[in-house]
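Coordinate analysis (summary)
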Amino acid sequence: MTLQAQASSSFTIGIPSFTSPLGRSRHRFVVRAQVEPSEKAVEIMRKFSEQYARKSGTYFCVDKGVTSVVIKGLADHKDSLGAPLCPCRHYDDKAAEAGQGFWNCPCVPMRERKECHCMLFLTPDNDFAGKEQVISLDEIREATANM
Amino acid sequence: MAVSVSASTIASLNSGLSNRLATSSYSSNLSSSSSLQFPLQLRRVRIGTAGLCSPSGARVLPLVKAKNQTFSSLDDLLSNSDKPVLVDFYATWCGPCQFMAPVLNEVASQLKDKIQVVKIDTEKYPSIADKYRIEALPTFIIFKDGEPCDRFEGALAADQLIQRIENSLKVKQ
């Protein structure tokens, strides 16, 4: 198996794509992915996130970029697996996990202890918690716009 | 043996950035390499500040050059490294992982002589992620002499990460 890594004295990346100068995108959160989740799924997960934040008394991250990426990750899994499997975990068998349900959003740790390591739903005492429980589709698009 | 190496330059974040998260720029540092990959020897990348320090003494971070290189395995990369290695296991759609991208840039720049930073996409290399029993993302493992010597999960700020790395490297001595 060949491992393709980008090595430097800084860091490397395992996926190929094209680069872009970051100088002019200082305030842009850029995620380059090979496949984007469907707009429909993103909208569903966006609505779900807003509702669930309200219901659980949690708040989105100060940095909405984090929120946006996670929502897209949930949407991506909803598209591919039929269920919004937590995007911030590594799995042996994603389909099996999605069927089993422990890590389907809202996952058991969130439901039981309000623990969301994705930083999607943050309790007010969390350092990273903002004051909002809303996020618009525009915000998500902008935060994850591909260059 | 033909080897393809593509280089990308990443502008480092201003070191004066506070830890406030309001406007951070996230980027996955990606470069294209469409030709065949062959195992090659790790080339040391020197980051110099020649010509980049302003006369007033204000700190200008040098451009961090990242190179696309191919190794036959992570073990290969680890054994070829003359410095300890910080490995970041991430996924594209993991929010905290993307949050860490500029943080890692900052840390790599500040600790450039002490540690090499490597990122592994767990969806592209699931077997490596399995080997190290990665669960939550991001997971960071610090390798010294090819062996894991510290491991932790979750996003953290640059100064916290630097502190953690320095503590780990100290203990090993």
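Residues numbered from 1 in each chain as written. Chains lettered and ligands numbered in written order. Predicted model: local features only at pLDDT ≥ 70, side-chain atom pairs only at ≥ 80, totals over all residues. Heavy atoms only, no water.

Thoughts on the packing of aromatic side chains
For the coordinates displayed, the defined rule picks out 8 aromatic pairs over all chains. Plain terms: the ring middles of A:Phe102 and A:Trp103 are 5.2 Å apart, the flat faces sit at 65° to each other, and that makes the pair edge-to-face. The class of A:Trp103 is buried, set by a relative accessible area of 13%. Among the aromatic residues, those joined into a ring-pair cluster are A:Phe48, A:Tyr52 and A:Phe121. Sitting over the face of the ring of B:Tyr90, B:Lys119 holds its NZ or CZ atom 5.2 Å from the ring centroid. (Phe/Tyr/Trp six-rings, centres within 6.5 Å; stacked < 30°, edge-to-face > 60°. Buried < 20%, exposed > 50% of the residue type's maximum accessible area, 1.4 Å probe, protein only. Lys NZ or Arg CZ within 6 Å of the ring centre and 35° of its normal.)

Regarding the pairing of strand S7 (residues 147-153) of chain B
Looking at chain direction, strand S6 (residues 139-144) of chain B and S7(B) are connected through 6 bridges and run antiparallel. Bridge pairing in S7(B) places B:Phe140 opposite B:Phe152. (Pairing = 2+ DSSP bridges. Helix = DSSP H or I, 4+ residues; strand = E, 2+ residues; numbered from the N terminus.)

So, helix H1 (residues 39-56) of chain A
All names here are of chain A. Taking 1.5 Å of rise per residue, 18 residues should cover 26 Å, and H1 covers 25 Å from first to last C-alpha, within 8% of that figure. Every buried residue belonging to H1 is among Ala-41, Val-42, Glu-43, Met-45, Arg-46, Phe-48, Ser-49, Glu-50, Tyr-52, Ala-53 and Ser-56, and all of these are buried. For H1, the elements touching its buried residues are helix H2 (64-81), helix H4 (108-113) and helix H5 (137-143). The positive-phi residue at the C-terminal boundary of H1 is Gly-57, with phi of around 65°. (Expected span 1.5 Å × (residues − 1). Contact = heavy atoms within 4.5 Å.)

Some remarks on the confidence of the model for chain A
Per-residue confidence for chain A averages 85 on the pLDDT scale, and 76% of its residues sit at or above 70. Per-residue pLDDT stays below 50 along residues 5-23 of chain A; that stretch engages in 100 contacts with residues further than four places along the chain or on separate chains. (pLDDT = per-residue confidence, 0-100.)

Looking at the nonpolar core
Core analysis: the largest hydrophobic core is formed by 71 residues, its most contacted members being A:Leu120, A:Phe121, B:Leu86, B:Phe89, B:Tyr132, B:Leu161 and B:Ile165. Considering each element in turn, this core owes the most residues, 7 residues, to helix H2 (residues 95-110) of chain B. A:Leu120 has contacts with A:Ser49, A:Tyr59, A:Phe60, A:Thr67, A:Val70, A:Ile71 and A:Leu74, leaving out every residue within four places of it along the chain. (Core = buried A, V, L, I, M, F, W, Y, C linked by side-chain atoms within 4.5 Å.)

A closer look at the sheet that holds S6(B)
Strand pairing within a sheet occurs via backbone hydrogen bonds; the two strands may be parallel or antiparallel. Residues and elements named next belong to chain B. The strand order across the open sheet formed by 4 strands is S5-S4-S6-S7, and the pairing between neighbours is mixed. Looking at which strands have only one partner, the edges of the open sheet turn out to be strand S5 (116-121) and S7. Averaged over all pairs of adjacent strands, the angle between strand axes in this sheet comes to 20°, irrespective of strand direction. In the sheet, strand S4 (residues 85-90) pairs with S6 via 5 bridges, with the strands oriented antiparallel. Its bridge partner being in S6, Leu-86 is matched across the sheet by Ile-142. Most of the contacts of H2 go to S5, to which it runs at about 160°, and overall it touches S4, S5 and S6. (Axes fitted to C-alpha atoms, helices over the stretch in contact; angles between N-to-C directions.)

Considering the packing of H1(A) against H2(A)
All names here are of chain A. At their nearest, the axes of H1 and H2 sit 8 Å apart, and the two run at 125° to each other. By the angle between their directions, the pair H1 and H2 is classed as oblique. The crossing of H1 and H2 is right-handed. For the pair formed by H1 and H2, the contact residues are Ala-41, Val-42, Ile-44, Met-45, Arg-46 and Ser-49 on the first element and Ile-71, Lys-72, Leu-74, Ala-75, Lys-78 and Asp-79 on the second. Grouping the amino acids of the contact of H1 with H2 by side-chain chemistry returns 7 nonpolar, 1 polar and 4 charged. (Parallel < 35°, antiparallel > 145°, perpendicular 65-115°, else oblique. Left-handed = near helix turned anticlockwise from the far one by under 90°. Nonpolar A, V, L, I, M, F, W, Y, C, P; charged D, E, K, R; others polar.)

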